[in-house]
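# Summary of the model geometry
Residues per chain are reported as follows:
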Amino acid sequence: ASELNQNIDVLFLCVGHGDAKKFLAANAINANIKIIDLSQDFRLAATANIDDRKFVYGLPELQRETIKLASNIANPGCFATAIQLGLLPLASKGLLNDVYTTGITGSTGAGQGLSTTSHFSWRANNIQAYKTLQHQHLNEIGESLAILQGNQNAHVHFVPWRGDFTRGIFVTSVVSTELTLDAVYDLYTSYYAGHAFTHVSKNNIDLKQVVNTNKCLIHIEQQGNKIAIHAVIDNLLKGAVGQAVQNMNLIFGIEEASGLQLKANYF
């Protein structure tokens, strides 16, 4: 603790899951220092407090005004960010029940640990489902959707996939609705009006449009009473450090997009 520089405004904790809580338990951080944690240690309501610090779940499109008043932020998970951004407008109107979601992520979404399936020689020309219906991000997704839907439960049935690329997440959620496609687009456009990084498109979307940016792009299709909501993000930016900087900007009253006007790796 004696080696820590306390003459800072904000501390980004970029350590493994479980290690952030251990670090704060072992080190006294000045109360005036803001903390933005990128692990899953403080994302859930039951684990959001440590000593006198209370962490706010940092998804700006869900609770921007609360984030502005916060001193400690639990940065959302990458899959959780993409899935929630695809569902928040429907949840805001209490329209979610069963949600069936599939999502694919690149090798950089595999975390810090080394494993056979995180090595790109395994990933190349390969694909695999993992943590089917039990991904760790489901809990934070459920809590966030409950903020908007009250006591109504939105059940997300999620099958994640490991992809044979490096960066990016593409998720598709299928839900039932009585709304027309035009009405759904109006709902999404209205909900995300004023949000700097989430954009609704009537054209097909793909990963290269968002990789190396803090953007989320959303596209919606309809067949009968089913709609498919596609959402794409860069897991390392909007799914991690980009969103952390976005949260920092909100906390300190800086222009929300400062430092995040990035160009996609699109050609």
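Scroll up a little and you will see the structure.
Please read these numbers as outputs of a predicted model, since none were measured by experiment.

### What to know about the packing of helix α2 (residues 60–68) against helix α7 (residues 237–251)
Between α2 and α7, the shortest axis-to-axis distance is 9 Å and the interhelical angle comes to 35 degrees. When you trace α2 past α7, the crossing you get is right-handed. Counted together, Pro60, Glu61, Arg64, Ile67 and Lys68 of α2 and Lys238, Gln243, Gln246, Asn247, Leu250 and Ile251 of α7 form the full contact between these two elements. Of the residues that constitute the contact of α2 with α7, the class distribution is 4 nonpolar, 3 polar and 4 charged.

### Comments concerning the nonpolar core
If you look at soluble globular proteins, the nonpolar side chains tend to sit buried side by side. Ranked by size, the top nonpolar core spans 38 residues in total, and within it Leu87, Leu96, Leu145 and Ile229 carry the most contacts. Of the residues forming this core, the biggest block, 10 residues, is contributed by helix α3 (residues 78–92). Ignoring sequence-local partners within four residues, the contact set of Ile229 consists of Gly86, Leu87, Leu90, Val171, Thr172, Ser173, Val175, Tyr188, Ile218, His219 and Ile220. Leu38, Val56, Ala70 and Met248 belong to the second-largest nonpolar core, a separate cluster that totals 12 residues.

### As for the sheet that holds strand β5 (residues 56–57)
If you walk across this open sheet you meet the 4 strands as β1-β2-β6-β5, and the pairing is parallel. A strand with exactly one partner marks an edge of an open sheet, and here the two such strands are β1 (10–13) and β5. Pairing between strand β2 (residues 34–37) and strand β6 (residues 72–74): 3 bridges, direction parallel. Counterpart to Ile35 in the pairing with β6 is Asn72.

Scoring rules and cut-offs
- Residues numbered from 1 in each chain as written.
- Predicted model: local features only at pLDDT ≥ 70, side-chain atom pairs only at ≥ 80, totals over all residues.
- Heavy atoms only, no water.
- Axes fitted to C-alpha atoms, helices over the stretch in contact; angles between N-to-C directions.
- Helix = DSSP H or I, 4+ residues; strand = E, 2+ residues; numbered from the N terminus.
- Left-handed = near helix turned anticlockwise from the far one by under 90°.
- Contact = heavy atoms within 4.5 Å.
- Nonpolar A, V, L, I, M, F, W, Y, C, P; charged D, E, K, R; others polar.
- Core = buried A, V, L, I, M, F, W, Y, C linked by side-chain atoms within 4.5 Å.
- Buried < 20%, exposed > 50% of the residue type's maximum accessible area, 1.4 Å probe, protein only.
- Pairing = 2+ DSSP bridges.

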